[in-house]
Amino acid sequence: MIIDSIKTLDIERNQTENVGQNMYQLITKLYPICRSITGDGVRETLNIIKSFIPLEVHEVPSGIEVYDWTVPKEWNIRDAYIKNDRGEKIVDFRNSNLHVINYSIPVNQKMSLAQLKEHLFTLPDYPDWIPYRTTYYKESWGFCLTHNQYLELADGEYEVVIDSSLEAGYLTYGEYFIAGETTEEVLISCHTCHPSLGNDNLSGISVAVFLAQHLSKLQNRYSYRFLFIPGTIGSVTWLCQNEAKVTNIKHGLVLTCVGDGGKFTYKKSRQGKAEIDKIAQYVLANSGKEYEVIDFFPYGYDERQYCSPGFNLAVGCFMRSPHGSFPEYHTSADNLDFVQPEYVADSYHQCLSILQILENNKTYLNQNPKCEPRLGKRGLYRAIGGQAEEALNELAILWVLNLADGEHTLLDMAQRSGMAINVINKAAIALLKHDLLKEISA
Amino acid sequence: MIIDSIKTLDIERNQTENVGQNMYQLITKLYPICRSITGDGVRETLNIIKSFIPLEVHEVPSGIEVYDWTVPKEWNIRDAYIKNDRGEKIVDFRNSNLHVINYSIPVNQKMSLAQLKEHLFTLPDYPDWIPYRTTYYKESWGFCLTHNQYLELADGEYEVVIDSSLEAGYLTYGEYFIAGETTEEVLISCHTCHPSLGNDNLSGISVAVFLAQHLSKLQNRYSYRFLFIPGTIGSVTWLCQNEAKVTNIKHGLVLTCVGDGGKFTYKKSRQGKAEIDKIAQYVLANSGKEYEVIDFFPYGYDERQYCSPGFNLAVGCFMRSPHGSFPEYHTSADNLDFVQPEYVADSYHQCLSILQILENNKTYLNQNPKCEPRLGKRGLYRAIGGQAEEALNELAILWVLNLADGEHTLLDMAQRSGMAINVINKAAIALLKHDLLKEISA
Amino acid sequence: MIIDSIKTLDIERNQTENVGQNMYQLITKLYPICRSITGDGVRETLNIIKSFIPLEVHEVPSGIEVYDWTVPKEWNIRDAYIKNDRGEKIVDFRNSNLHVINYSIPVNQKMSLAQLKEHLFTLPDYPDWIPYRTTYYKESWGFCLTHNQYLELADGEYEVVIDSSLEAGYLTYGEYFIAGETTEEVLISCHTCHPSLGNDNLSGISVAVFLAQHLSKLQNRYSYRFLFIPGTIGSVTWLCQNEAKVTNIKHGLVLTCVGDGGKFTYKKSRQGKAEIDKIAQYVLANSGKEYEVIDFFPYGYDERQYCSPGFNLAVGCFMRSPHGSFPEYHTSADNLDFVQPEYVADSYHQCLSILQILENNKTYLNQNPKCEPRLGKRGLYRAIGGQAEEALNELAILWVLNLADGEHTLLDMAQRSGMAINVINKAAIALLKHDLLKEISA
């Protein structure tokens, strides 16, 4: 049983291409939906995810107090446009849901260009892109459009319609729990509140969905909790309503912006030297890819809440290009071209490597701690001669025996020995089989 | 009240020029006096300082045992000269008090040039400078003169007069205590035993006097103890006679050689990582000036005594050019030209910055530690858009909230966030006003 | 008595040349003997060592269980050769004991070249060298020869004789214990199981013998235990049969490959920051020689057993060129030319420096911890002036006083002050003489 719980750390990559294509198909399907921090767009999104994993969907009523916050009114939108005085729709929500500032209150009125302009937002530096804006916590309205569109606006009377509703309703989020051998949990969190944006954060959703699907088929040491929540208010709500469960969370990752072609970025947890931090760093350092590991800072995604001082959870943030570091961020250019199958697939595999090492990163006790055991009589030692590869395994065996003092995890052994963790893991498996090693229960 | 105790860390520099001129005037006034480790020169010096701050003057009788030392006899000098056989005063104490070796016993005799030469000291490498020498603990006498003077000495009989006295008397020192909100003390110590030398240590005296004057007008968190003492025997005496007070000293600075144009030098306390060490290092690193931070070594000024292993106080030494590193050191060239108003003023301001940060370097508890508080409803968050500067303050607010776990001082927050400490301080003030932060009492 | 126990750290090198020659003579005498992990070759070797130091020889019967191991049968060999069909001895044990694989079972048979070749081993890359091979734990036989010899073998029938015995007997090892002032021990261990090989490990034996001889004449603080044992099985046996003594071992060195001209190599103990590790590093860094300090790894010599997790002793390994890093390793080229008197002498002196510092690396308490003591009245301070060298000593005195807080050893003082340890040591001796310092008993 102990032996069975050790899985090989070699990732089966035979399905890599399929995984990338499958993830991209999910992103493509979710892309057109107008999501926000509440509303039917979130429900539709979670429903699609349900076809992949048995998500539990929660509805939290507007007005509920969650720590210092209040669950907001639910926002829904059916249509929105701006018509010029010739009756032409010059800005149309149906072309892009980014055209309407997210959480805009209903509007239906005529106004001059000057009045209208107070509600228009563009990106002069990127005149073909539509910016993405929100007004969650201030009742207001507005339109986003390309700067080129904006420049063409002629004087005259405009008809402005936002057919939205902002009413008591629910905050909707999805949760999927996979029970493991222990009650200790790994949290995987992503946000579901962005409309037609690909990298931020359909990419994160897709990696989370496929990690969940993969892990659900395995017998895991840890329990896994996947959260599909609106940013900030979602994690605040979940933490407040599930405080008793928080102590079970031993490790975690926030997934965001994992679909672009930029280098990998791991933002450490506030703790900075948590096991998840060490493992993420190790995996990226051994990935053969360009990467950067950055320190925690209290800005970004829901790691802000998980790492608030009252929780201080070991939750890092796994990204490719960090938010704000690429010009497409929060614009219509963060689209289905910006995200590519190979990039989400690669992110998925790095995350899977992190979780596989986490699962196997155990601590052992040498059962023959005084002097080395005789490896030869157990077939663990070459007799005369021996090939280089065998000698390598033999050295891994000696390292594991030497460091199996209850104070070194497999990762510690890999790092102190300079040997690859899967070689160290194989040595540990061999020693467990010969009763020379015993796993220490946490 | 809590809020009031937080002062802005921006230093009002409007008086910079005045401060420099005022300090330099004090130095100029003290310069001609012939000080030593005891005697009327010290009394006269302390009397002048009394016109700036209400100094308490202590007189400790000769012969008193202080730890391994004995308070020495009091030394006074009225006149001294060497006359050649034509009756000309070729060396005259009235021209420079450095001409007589400090603590020389009385002499009145005639002698040959050869005999005289055994008592003469010069600096061949700097033939126009008079060296400064002492003979505190060995009864002897001698004269210091320029090497050029020395070379002109012709054979013949010389009349040598030192009209000094070395008799039972007192060791005189000054002390000024400013009571603060707490009994915890900051010690500022400088030596008053050098005759006409500017950098070593009239500069230190002047910075101490003006710091004391400034702090006396404020409501301080810490109590401040200023000592104006003879080097070594003064600190030994004070420590021995005030042992019960020593445990109150939590931080301290020895001030010396702070008036020359060299780069700043901070010599760490023996502890090496004391709060004063971290703050001094931070202030100099952010001063925009050239500086060096050096490790403690058991040589130099009174930090030797404060940092002896039986006390091991968190007392560093603040200097510009360290003693011995400039050729003018302990010569007549360490004069009123070598010290300049702008240099003492700059030293004064760096010390003030250190003390201001020390005063404000508190530890806080986030009163909403689970998730972030809603900054928007408190006006601490831009709604839509927002300028770069405001965004910066917002980030400072998030950092302070995140690190207000009772284990980070303001300086720790500044260093972990990479933000300026006054920006961090402003954020803390704002959060205290909104009851989102609470100061932890020490 | 305390003072007497402090020896000067300056090594008397007047006998350097003699020591080197004497060590080399011992190596030369031991070289021809056919040693193995058991047998008469070991006995003969220990007998020769007995003429230098009063070694106690232990005989442990075959079959005894020692931890996971069993003491093997005793192996002895009288003769061995391969004759061609013309009756010529083409490989002859009497020419080199490396020709026979160590622990070969008896053989006396005729065979074809093809059959013979399955038992022949050569080094094609070094065609003039005979490899050294063993078959301790698998009953087998074979010959080693130069590749050039091998290439000349013609078809035909060969007569193969190995006149050896492998029977119940004893494992023989030598032990020499020098009692010191305390029961705390320094372990010096070397292996005695290699036949005609010079660097590996007659060099280690010779350094151990001469260190033992030197230390036996001194009054030492530590007790010293010298082990002359077969590799692996010897240390396993000793540790198992002397477990009660193991806790006394506070420091130790395994000596091997110390006779070649390569740079010094110190392999740290598993602890990594043990006192012996710090001292060895300090000695080599100050040796003026090329050196390398490497981390512990669980491969190599008997440090593998001493540093197994059940013991985790502070035992490092002192070498010049590490095993496997030079082509002569485990070949006939590791001979009396490869090892030279100057190299073993140099190794001896570095080891002696390590042990001398270890002996003197004490912790002291300043007896006048509050402020500095008055050095002048004790003649420990220059009066007026003073030479550079004296000033240096004075600084050493101040450092020792400052750091004599019971938490700094002499080495810590040397490293924090940046002063040479013998200068620091002299200062400590002077202070002990004046009762300003007191040694702390461990």
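Residues numbered from 1 in each chain as written. Chains lettered and ligands numbered in written order. Predicted model: local features only at pLDDT ≥ 70, side-chain atom pairs only at ≥ 80, totals over all residues. Heavy atoms only, no water.

Trainee: Talk me through the overall build of chain A; I want residue IDs and the actual numbers.
Mentor: Regarding its fold elements, chain A presents 13 helices and 19 strands. Per-residue burial over chain A gives 60% buried out of 442 residues. Restricting to contacts in chain A with at least 6 residues of sequence separation, those with at least 24 account for 81%. Of the roughly 17,400 Å² that chain A leaves accessible, carbon and sulfur atoms contribute 46%. Each charge sign in chain A was given a centre, from 40 positive and 54 negative side chains, and these centres are 6 Å apart. (Helix = DSSP H or I, 4+ residues; strand = E, 2+ residues; numbered from the N terminus. Buried < 20%, exposed > 50% of the residue type's maximum accessible area, 1.4 Å probe, protein only. Contact = heavy atoms within 4.5 Å. Areas by Shrake-Rupley, 256 points an atom, 1.4 Å probe, with all protein chains shown as cover. Lys, Arg positive; Asp, Glu negative; His and termini not counted. Charge placed at Lys NZ, Arg CZ, Asp CG, Glu CD.)

Trainee: Summarise the pattern of salt bridges; cite the residues concerned and give the values.
Mentor: One pass over the structure, following the stated rule, counts 57 salt bridges over all chains. In this structure, Glu439(C) and Lys362(C) form a salt bridge, with 3.4 Å as the shortest nitrogen-oxygen distance. Here Glu439(C) is found in strand E19 (residues 437-439), whereas its partner Lys362(C) is found in the loop between helix H10 (341-360) and strand E17 (363-366), with 77 residues between them in sequence. Since its relative accessible area comes to 23%, Glu439(C) is described here as partly exposed. A relative accessible area of 3% means that Lys362(C) is categorised as buried. Three or more residues are tied together by salt bridges with common partners; here these are Asp40(A), Arg43(A), Glu59(A) and Glu74(A). (Salt bridge = Lys/Arg side-chain N within 4 Å of Asp/Glu carboxyl O.)

Trainee: Give a detailed account of the relation of the copies chain C and chain A, specifying residues and quantitative values.
Mentor: For the match of chain C to chain A, the screw axis carries a shift of 0.1 Å, the RMSD comes to 0.0 Å, and the turn is 120°. Put plainly, the chains are arranged around a three-fold axis. Every residue of chain C has its C-alpha some distance from the rotation axis, and the shortest such distance is that of Lys273(C), at 13 Å. (Least-squares fit on C-alpha atoms with pLDDT ≥ 70 in both.)

Trainee: A description of the interface of chain C and chain A should follow, citing residues and the corresponding values.
Mentor: Between chain C and chain A, the residue contacts involve 23 residues of the former and 24 residues of the latter. Roughly 2,100 Å² is buried in total at the junction of chain C and chain A, and carbon and sulfur atoms are behind 52% of that figure. Of all residues in chain C, Asp68(C), Arg270(C) and Pro298(C) bury the most surface against chain A, accounting for 30% of the area lost on that side. The tally of links between chain C and chain A comes to five salt bridges. Among the salt bridges present, the one from Asp68(C) reaches Lys377(A), with a minimum N-O distance of 3.4 Å. For the pair chain C and chain A, the number of links is 14 residue pairs in polar contact (both at pLDDT 80 or more). Residue composition of the side of chain C that touches chain A, by class: twelve nonpolar, five polar and six charged. (Buried area = accessible area lost by both parts, 1.4 Å probe. Polar contact = N/O pair within 3.5 Å; in protein donor to acceptor, adjacent residues only side chain to side chain. Nonpolar A, V, L, I, M, F, W, Y, C, P; charged D, E, K, R; others polar.)

Trainee: Explain the packing of helix H5 (residues 198-216) of chain C against H10(C) to me, using residue names and the numbers behind them.
Mentor: Residue and element names in this part refer to chain C. Direction vectors running N to C along H5 and H10 enclose 45°, while the axes themselves pass 10 Å from each other. The angle between the axes of H5 and H10 places the two elements in the oblique class. In the packing of H5 onto H10, the handedness of the crossing is right-handed. Mapping the contact onto sequence places Ser203, Ser206, Val207, Phe210, Leu211, His214 and Leu215 in H5 and Val344, Ser347, Tyr348, Cys351, Leu352 and Leu355 in H10. (Axes fitted to C-alpha atoms, helices over the stretch in contact; angles between N-to-C directions. Parallel < 35°, antiparallel > 145°, perpendicular 65-115°, else oblique. Left-handed = near helix turned anticlockwise from the far one by under 90°.)

Trainee: Talk me through the interface of chain A and chain B; I want residue IDs and the actual numbers.
Mentor: Every contact between the two is made by 23 residues of chain A and, on the other side, 24 residues of chain B. Summed over both sides, the interface between chain A and chain B buries roughly 2,100 Å², with carbon and sulfur atoms accounting for 52% of that surface. Taken as a group, Asp68(A), Arg270(A) and Pro298(A) account for 30% of the area that chain A buries against chain B, more than any other trio of residues on that side. Linking chain A with chain B are 14 residue pairs in polar contact (both at pLDDT 80 or more). Taken together, the residues of the side of chain A that touches chain B break down into twelve nonpolar, five polar and six charged.

Trainee: Pulling in residues and values, what's your account of the sheet that holds strand E5 (residues 89-92) of chain B?
Mentor: Residues and elements named next belong to chain B. Read across the open sheet, the four strands follow the order E5-E4-E9-E6; overall the sheet is antiparallel. Lying at the two open borders of the sheet, with one neighbouring strand each, are E5 and strand E6 (107-112). If you compare each strand with its neighbour and ignore which way they point, the axes differ by 20° on average. Here strand E4 (residues 74-83) pairs with E5 via three bridges, running antiparallel. Residue Lys83 lies in a different strand from E5, and its bridge partner there is Lys89. (Pairing = 2+ DSSP bridges.)

Trainee: Outline the side chain of Asp260(A), listing residues and values.
Mentor: Residue and element names in this part refer to chain A. Inspection of the secondary structure assignment puts Asp260 in the loop between strand E13 (249-255) and strand E14 (264-267). As a buried residue without a salt bridge, Asp260 has its nearest oppositely charged side chain in Arg320, at a separation of 4.8 Å. A polar atom in the side chain of Asp260 sits 3.0 Å from the side chain of Asn199. Setting aside residues no more than four positions away along its own chain, Asp260 makes contact with Asn199, Arg320, Ser321, Phe338 and Tyr343.

Trainee: Explain the domain arrangement of chain A to me, using residue names and the numbers behind them.
Mentor: When cut into domains, chain A gives domain 1 (2-71 + 170-360), domain 2 (74-167) and domain 3 (363-440). Distance from the C-alpha centre of domain 2 of chain A to the C-alpha centre of domain 3 of chain A: 65 Å. (Domains from an automatic or database assignment.)

Trainee: An account of the side chain of Arg320(B) is needed here, citing residue identities and associated values.
Mentor: Checked against the element boundaries, Arg320(B) lands in the loop between strand E16 (315-319) and helix H10 (341-360). Side-chain polar atoms of Arg320(B) contact the backbone oxygen of Asp260(B), separated by 2.7 Å.

Trainee: Please provide a residue-by-residue account of the sheet that holds E19(C), values included.
Mentor: Residues and elements named next belong to chain C. With antiparallel pairing, three strands are arranged side by side in an open sheet as E18-E17-E19. Two strands lie at the open edges of the sheet, namely strand E18 (405-409) and E19, each paired on one side alone. Taking the axes of each pair of neighbouring strands and ignoring which way they run, one obtains an average angle of 35° across the sheet. Sheet topology note: the E17/E19 ladder contains three bridges and is antiparallel. Counted as the bridge partner of Asn366 is Leu437 from E19. Packed on one face of the sheet, helix H12 (residues 410-417) meets E17 and E18 and runs near 75° to E18. Contacts from helix H13 (residues 421-433) reach E17 and E19 within the one sheet, and its direction differs from that of E19 by about 105°.

Trainee: I'd love a proper account of the packing of aromatic side chains, names of residues and values included.
Mentor: In this structure the tally under the stated criterion is 36 aromatic pairs over all chains. Relative to Trp129(C), the ring of Tyr126(C) lies with its centre 4.3 Å away and its plane at 5°, an arrangement referred to as stacked. Here the basic side chain of Lys267(A) rests over the ring of Phe297(A), its NZ or CZ set 3.8 Å away from the ring centre. The ring of Phe264(B) carries the charged tip of Arg320(B) above its face, separated from the ring centre by 4.3 Å. (Phe/Tyr/Trp six-rings, centres within 6.5 Å; stacked < 30°, edge-to-face > 60°. Lys NZ or Arg CZ within 6 Å of the ring centre and 35° of its normal.)

Trainee: Can you explain the packing of helix H8 (residues 275-285) of chain B against helix H12 (residues 410-417) of chain B? Please cite residues and give values.
Mentor: Residue and element names in this part refer to chain B. Interaxial distance between H8 and H12 falls to 11 Å at its minimum, and their mutual angle equals 50°. As the angle between them shows, H8 and H12 are arranged oblique. Relative to H12, H8 is oriented so that their crossing is left-handed. The segment H8 lies against H12, with Lys278, Ile279 and Tyr282 engaging Leu411, Ala414 and Gln415. Here the contact of H8 with H12 is composed, by residue class, of four nonpolar, one polar and one charged.

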